[in-house]
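Observations on the model geometry
Next come the chains, spelled out residue by residue.
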Amino acid sequence: MDDAGMDGRHSIGDDSAVVSGDDAIDPPESFRDRAVASDAGVYETFEREGPEAWRRAADLLDWERPYETVLDDDDPPFYEWFPEGRLNAAANCVDRHLDHRRNQLAIRWFGKRGERRSYTYLDLHREMNALAAGLRDLGVGEDDVVTLYLPMIPELPIAMLACARIGAPHNVVFAGLSAEALATRIDAADSEYLITCDGYYRREDAFNQKSKADNARLRIDGDLRQTVVVDRLGDALDVSLGDDEHAYESVVDAHDGETVEPVARDATDLLFVMYTSGTTGQPKGVEHATGGYLSQVAWTTRNVLDVRPDDTYWCAADIGWITGHSYGVYGPLALGTTTVLYEGSPDYPDRDRVWDLIERNAVSVFYTSPTAIRSFMKWGSEYPDAHDLSSIRLLGTVGESITPKAWRWYREHVGGDDVPVVDTWWQTETGAIALATLPGISPMKPGTVGPPLPGIDARVVDEDGDPVDPGEPGYLTIAAPWPGMLRGLREGDERYRREYWLEGDDGWRYRTGDGATVDEDGYITILGRVDDVINVRAHRFNTAELESAIVETDGVTEAAVVGDNDGQIVAYVTTRSGVDTDDPLREAISERLARSVGDVARPDRIVFTPELPKTRSGKIMRRLLEDIARGEEFGDVSALRNPEVVGEIESTVRET
Ligand code: WT7
């Protein structure tokens, strides 16, 4: 493991001192009285029963064939959850709700242009079935991977469910990623089917998504057999379709009213693959199994986010990432609730758009990221204060550490100061929430994420795998398997084992890649990544992935990328001598990143420097550059090969 970040300098913001027990806030009484999870005995129950306790999660689902074993751990770290069980995820998310609530809204969609569409569970059932029949007709069979490259429109969750129904794993690629990134993911997943759209609106402009998909197609090594194209823009953009390209609408119309028997999948069968950044420049294909994933997602949606069928719930994350998969689609639909799907940005047409949507829909549970909360704070409390947000009874946050200050702002201005705010820690790989307070049971400590959930054996350990003392920085690891865990990597068993697992004297340990501290009460504070992954703007990148794109720009020699306190991307760049470090070069670097990775990777700041600070062995001191970008104190730099550049870089950063 890399030791970077283990020096304890890595704070989570200026007001981020680990809070003492005195700062703990008890769950509000009014909430506790009605909470799904209100019995503190649940922790002890999980401890006593071990993996068997996770039956409670599996029992939230309907099984086609019941499982006998809860956990098969014969061949660690290849764990199998509920192995004999068979189930279908789409049937669990849609069909089983038809008896009781077929006319209840499943999805309320709000488009960028103020459009609205609503789907009842019956509507969802009908369209999902028509699409499932259409996909079959196009040749999609069980275990064929279907790539979905769609913005936040209802067709995205519908396509996920249609795939799940016929046992075809989906591979959702965030719509903002570039053609190159899409091509890599299509090839890496061995996917021969694609569902995309003509385009979508970005603010006022119609943006052509199909041309990106066409471009990707030219780059792939494999073969795309069939493509389905959703007409999002109508007359605003006409795209022509080739022989093996089909309008979504005609596929669905041709099969309207048909039903497709949900394919019973083994619990361990692949539900989806999701590419994410790892410790190398190449993204990893994280594989999630049907039974364990859906069980823990349903359990946490219910017990951590306290969602029930009569809620209107809104997870503001994009479905193109894991949060949107687990808590925008599978969790809420498995529980039969109403979920809000929003295509637009939070400040369009105005900065009160989010509060307007919460008021309009009487949203009761709202889940977003610290990045978003920081923007809301910056824009000002007058925006939420001008709306009736009294429908809110729980707030959640995910993706990075939230400072106590942001936590309190969120609770006061969005939650009316009387609701639980649940900070949830998890990862693409964990599939579902792993650390969080149980909102009806555990006190909250702003700025710390909270204790591990019942059944999650998370530990903060030192280099040797021994638990660290309270307050001491260590590595966050998980010492026992959990149902939502990835079942493997697309890149194979060896990579999976190497990337995540350590075998110790007392068994296998999952490495999260995060540094953390733990306090006397067992509350964990996340210090940030200890590997080469950065989390910025609610996206996860590998530094090498971004840096290798930057150095492909003409004139650039070296680059180091870090994240700053505002979740922004800062790129330090050296150039060939004589190259003008002026605006055209900045633009060229930005364009290069947009092309290789996507618009989300455009840097917020580019700092040109004659040299990058390096150790004597030639390793770039990224951690030091991060401290500089964050305006933080840094230690002695005299051991560097080129300590003199540090002052220069610092003054350049201050000027930009
Ligand atoms: C990384 C995982 C699944 C959530 C969305 C991101 C960081 C996540 C928290 C939190 C501090 C957090 C970690 C983790 N992270 N939640 N509550 N507090 N840090 O998923 O893209 O797989 O990134 O996000 O560093 O390792 P992801």
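None of the values given here were measured: they were computed from a predicted structure.

The rules behind each value
- Residues numbered from 1 in each chain as written.
- Predicted model: local features only at pLDDT ≥ 70, side-chain atom pairs only at ≥ 80, totals over all residues.
- Heavy atoms only, no water.
- Helix = DSSP H or I, 4+ residues; strand = E, 2+ residues; numbered from the N terminus.
- Buried < 20%, exposed > 50% of the residue type's maximum accessible area, 1.4 Å probe, protein only.
- Contact = heavy atoms within 4.5 Å.
- Polar contact = N/O pair within 3.5 Å; in protein donor to acceptor, adjacent residues only side chain to side chain.
- Pairing = 2+ DSSP bridges.
- Axes fitted to C-alpha atoms, helices over the stretch in contact; angles between N-to-C directions.
- UniProt positions renumbered as here; feature names shortened; annotations may be inferred.
- Salt bridge = Lys/Arg side-chain N within 4 Å of Asp/Glu carboxyl O.

Bringing the environment of Ser240 into the picture now. Relative to the helices and strands, Ser240 resides in the loop between strand 11 (226–230) and strand 12 (245–247). Residue Ser240 is classed as exposed on the basis of its relative accessible area of 63%. Here the alpha-carbon distance between Ser240 and Lys210, two residues 30 residues apart in the chain, equals 9.5 Å. Apart from the residues within four sequence positions on either side, Ser240 is in contact with Lys210 and Glu245.

Now for helix 18 (residues 543–550). A turn of α-helix holds 3.6 residues, and therefore any two residues three or four places apart point the same way. Counting buried positions over the 8 residues of helix 18 gives 6, a clear majority of the element. When helix 18 is considered as a whole, its buried residues turn out to be Thr543, Glu545, Leu546, Glu547, Ala549 and Ile550. Where helix 18 begins, one side-chain oxygen reaches toward the backbone nitrogen of Ala544, 2.6 Å away; that side chain belongs to Asn542.

For the rest of this paragraph, the subject is the sheet that holds strand 31 (residues 605–608). Strand order across the open sheet formed by 3 strands is 29-30-31, with mixed pairing between neighbours. Every interior strand has two partners, whereas the edge strands, strand 29 (556–563) and strand 31, have only one. Put simply, the sheet's adjacent strands are angled 25 degrees from each other on average, direction ignored. Where strand 29 and strand 30 (residues 569–575) come together, 7 bridges link them in antiparallel fashion. Counted as the bridge partner of Ala559 is Val573 from strand 30. Packed on one face of the sheet, helix 19 (residues 583–596) meets strand 29, strand 30 and strand 31 and runs near 125 degrees to strand 31.

Let us now look at the UniProt feature "domain: AMP-binding enzyme C-terminal" (unreviewed entry) in the protein. In this structure's numbering, the residues bearing the UniProt feature "domain: AMP-binding enzyme C-terminal" (unreviewed entry) are residues 545–619. End-to-end, the C-alpha atoms of residues 545–619 are 17 Å apart, and along that stretch the chain is 27% helix and 25% strand.

This paragraph deals with the pattern of salt bridges. Going through the model one piece at a time under the given rule, you end up with 54 salt bridges. Residue Arg353 is joined to Asp356 by a salt bridge in which the shortest nitrogen-to-oxygen separation is 2.9 Å. In this pair, Arg353 and Asp356 both sit in helix 13 (residues 353–361), 3 residues apart, roughly one turn of the helix. The exposure class of Arg353 is buried, given its relative accessible area of 11%. A relative accessible area of 16% means that Asp356 is categorised as buried. The salt bridge partner of Glu558 is Lys614, with a shortest N-O separation of 2.7 Å. One end of the pair, Glu558, is in strand 29; the other, Lys614, is in the loop between strand 31 and helix 20 (622–629), with 56 residues separating them in the sequence. You can call Glu558 partly exposed: its relative accessible area is 27%.

Next up on the list: the pairing of strand 26 (residues 524–529). Counting buried residues along strand 26, 5 of its 6 residues qualify, which places the element largely inside the surrounding structure. Taken together, the 5 bridges between strand 25 (residues 507–518) and strand 26 define a ladder with antiparallel strand orientation. By the bridge assignment for strand 26, Thr517 is matched with Thr525. Between strand 25 and strand 26, which follow one another and run antiparallel, lie 5 residues, and Gly522 among them has a positive phi close to 85 degrees.

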